[in-house]
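# Summary of the model geometry
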Amino acid sequence: MNLLTCFRSFLLSVVFLLLAGFEGNAQRVGLVLSGGGAKGVAHIGVIRALEEEGISIDYVTGTSMGAIIGALYASGYSPDEMQEILHSDEFKSWISGNIDEQYRYLFKESTPDPSWVDFKFKIDSLISPSLPSNIVSPILMDFAFLEIFSSASAAAGYDFDSLMVPFRCMASDVARAEAVMLKNGDLASAVRASMTFPFYFRPIRIDGKLLFDGGMYNNFPSDVMYEEFFPDIIIGSQVASNYADPKDDNVLSQLQNMLMQKQEYSVICDNGVLIRPAVPEVNVIDFSYTNAFIDSGYVMTKRMIPEIRKFLVDKVSQQQFDARRTDFNNKKPPLLIGELKVTGLRSGQYDYVNKLLGIRAAGNRKNALVTDVERSEGVPLESIKPEYFKLIAEDKIEHIYPQLIYDDESGLFDLSLDVQRENQMIANIGGAVTSSAVNELFLQLQYNYWTRVAYQAKANAYFGRFYNSGKFEGRIDYAREIPFYLKARYIFNKFNYFKTNTYFFEDEDPFYLIEREHFFTFSAGIPLSDKGMGAVELSTGHNRDDYFQTNFYTRLDTLDRTAFNFFSPGINIEYNSLNRKMYASRGARLNAEFRFVKGREIYTPGSTSPFPFRYEDNHTWIQMNVFYENFYYSRRWLHLGLYLQGYFSSQKYFSNYTSSILAAKPFQPFQEALTRFMPQFRANRFLAAGTKHVMELRKNIDFRTEAYVFLPLRAIEQDYYSRKAVRADMIYAYATGTAALVYHSPIGPLSLNLNYYYGEDNPVSFFFKFGYLIFNDRPF
């Protein structure tokens, strides 16, 4: 800025000071808000202090977090209301990208698996991989901005000069390497573009330009304030600073300098005041210091009031602030939806989405959300929200960007959804790395295709010393008023308990045990609620157990073998609102399964068998398994839960003790227990109960304890002489438990466990694990 311009600005300030007593020449104040990520909440304190001092804010410009705060203020939100938004649980969800449990749709969720990361591919002429463009999912944030800013946009006629306070925000066009000033259009989209920090959040397009965080080229738009509004005084709030020069051995510092252009943080001329709240460096999305940062902005502004009063003599009462805010808020139309438009899909996919959302045609408008009668009143956006998140839950859709456009004629909003289809191929990799012999590698490949019906094919494989498995699965989804799926699966499982524990040879009972399962399952399911679903299924297959019934054998000896060819229909009902697929700390889960099993046992003796003859027998039984897990108390850092399970089976014993205990239901309530063969925790009928205590030591770091009691109602014992299974005369209770320190990393949990098992020769064990011990389904 040249000296002539500065001098002109100074003269104008003097003139306004001389004429301050005349009502028609009130001084105009421009507020410039810098970016700075989470530190930007200090701007709220700045605004609060200015209002308390009677300093009117007549124009606002901002970048990134400064754009969010500035847009909230320009849209009629008070400092108290802004602070309340930042303290809400919803805001925490926006920043984390975790969809609130109330909007989960269990029916569309995939069966939990041990994957860490996904790699997505597009099938065109070639298979080309694509990496995610963001760390944090913006889905919740996009919808929240829709709710917060759409009414203000409509009241202003999509002209930022007509907001309660005229407003400008900055974004960055990386294709042209230039700053972009946003002054009209959809306010929610403008703010969303301005705060799209590279790699954290997904960029959006406005007028065909792919826009990122405005801080890349203009993190303190005082020049925009001067050129657009030419106020009498410019007050700047600066919480951002330039990154240090890049270092040879620090890739992060190199990326920061490449992405963010160095800024000159100044208010340009002498008729300006720069406020620098004392806020420490924190992560871009670390909002744990919100109150302290707001207080810092408030205190620093109060200290700068004498400096501001050198240029400004006007004073506005709080009643005048409130009246201006009320007047603008009264102009905001309610968020009532009259029509829905979907872009980005093929014709058959339109039909699928329309049916999924329950859209009905009205008049000549193809994608009308409601009937003509209903349109006169509109549908509240809040009532559409659950259906919107059901659409998000579709694994056929990668991203949806929503916009609300006001129709002056009808007085309602049009809801526009720009849908980006999910890549057709998705590869997953995961597993577990542990301190024992149960390390696992998990690989999975998924193919999606959909038109009016959605098709999915999936194949996975597990590789490890303890567990090997493969699954082939096909699923068809039908979008109807009551949606349903049809699914077919083939699964092979192999569990080798011989290698899971170095103490097996020292045990009194034999533990050379290998379980194999081959089975097909055909099922159909429907949603029972947003977090509940029911399914009927039919399984048929072949199980085979190989084992020694003695510890005295040589390499030349052959194993005993029990095979079971089965047919099994069943019904399953599940409710699940747990917040994680492993090491949950909130929510509840209820699973109830009823199954009929009919099959034929074929026993083939090995060289050490006490039974010299082949044996065959038919078995028929019914079984019912119900378990319930609920974190009934969740307050800040402490979460308390309970666990209940009941299992009933009319199953008769197999030909010998070992085959009978292998066929019995195991109780395995935590991670390491899944990998151990413990006869005392297996039965055909049992009750179990437990408690869970989770303490959040820090963000993503938990200390948890779990304690359980297992009560077999028909404990299985071995007759010493015949080696057959017999029912225990007495009822015994067995205790087990775990204490674990868990870090929830972005790709999987890292845990250190201390476990206890009653009845074991070595009842206490340490278990270190990174990743997930989640296996493919078993037949029953």
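Coordinates for the structure precede this section.
These notes cover the structure that comes with them. (Residues numbered from 1 in each chain as written. Predicted model: local features only at pLDDT ≥ 70, side-chain atom pairs only at ≥ 80, totals over all residues. Heavy atoms only, no water.)

### Quick word on the environment of Asp407
Tracing the backbone through its elements, the reader meets Asp407 in strand E13 (residues 397-407). As for Asp407 and Ile337, which are separated by 70 residues in sequence, their C-alpha atoms are 9.9 Å apart. A polar side-chain atom of Asp407 sits 3.0 Å from the main-chain amide nitrogen of Glu409. (Helix = DSSP H or I, 4+ residues; strand = E, 2+ residues; numbered from the N terminus. Polar contact = N/O pair within 3.5 Å; in protein donor to acceptor, adjacent residues only side chain to side chain.)

### Side note on helix H5 (residues 89-96)
Among the residues of H5, those classed as buried are Phe91, Ser93, Trp94 and Ile95. The secondary structure elements touched by the buried residues of H5 are helix H4 (79-87) and helix H6 (139-155). Capping of H5 at its N-terminal end is provided by Ser88; its side-chain oxygen lies 3.1 Å from the backbone amide nitrogen of Phe91. (Buried < 20%, exposed > 50% of the residue type's maximum accessible area, 1.4 Å probe, protein only. Contact = heavy atoms within 4.5 Å.)

### Section: the side chain of Thr61
Of note, Thr61 is situated in strand E2 (residues 59-63). By relative accessible area, which is 1% here, Thr61 ends up buried. Among residues more than four places away in sequence, those in contact with Thr61 are Leu31, Val32, Leu33, Arg168, Pro221, Val224, Met225 and Phe229.

### Comments concerning the sheet that holds strand E11 (residues 336-343)
Strands belonging to one sheet form pairs held by backbone hydrogen bonds; the direction of such a pair is parallel or antiparallel. Pairing in this open sheet of 4 strands is mixed, and the strands run E12-E11-E14-E13 from one edge to the other. Every other strand in the sheet has two partners, leaving strand E12 (379-380) and E13 as the edge strands with one partner each. Of the strand pairs in this sheet, E13 and strand E14 (residues 412-421) are connected by 10 bridges, and their pairing is antiparallel. Its bridge partner being in E14, Ile405 is matched across the sheet by Asp414. (Pairing = 2+ DSSP bridges.)

### A closer look at the environment of Phe321
Turning to its location among the elements, Phe321 is positioned in helix H11 (residues 318-329). For Phe321, a relative accessible area of 2% puts it in the buried group. Each C-alpha atom of the pair Phe321 and Ile55 lies 9.7 Å from the other, and the pair is 266 residues apart in sequence. For Phe321, the contacting residues outside a window of four places in its chain are Glu51, Gly54, Ile55, Ser56, Tyr73 and Val316.

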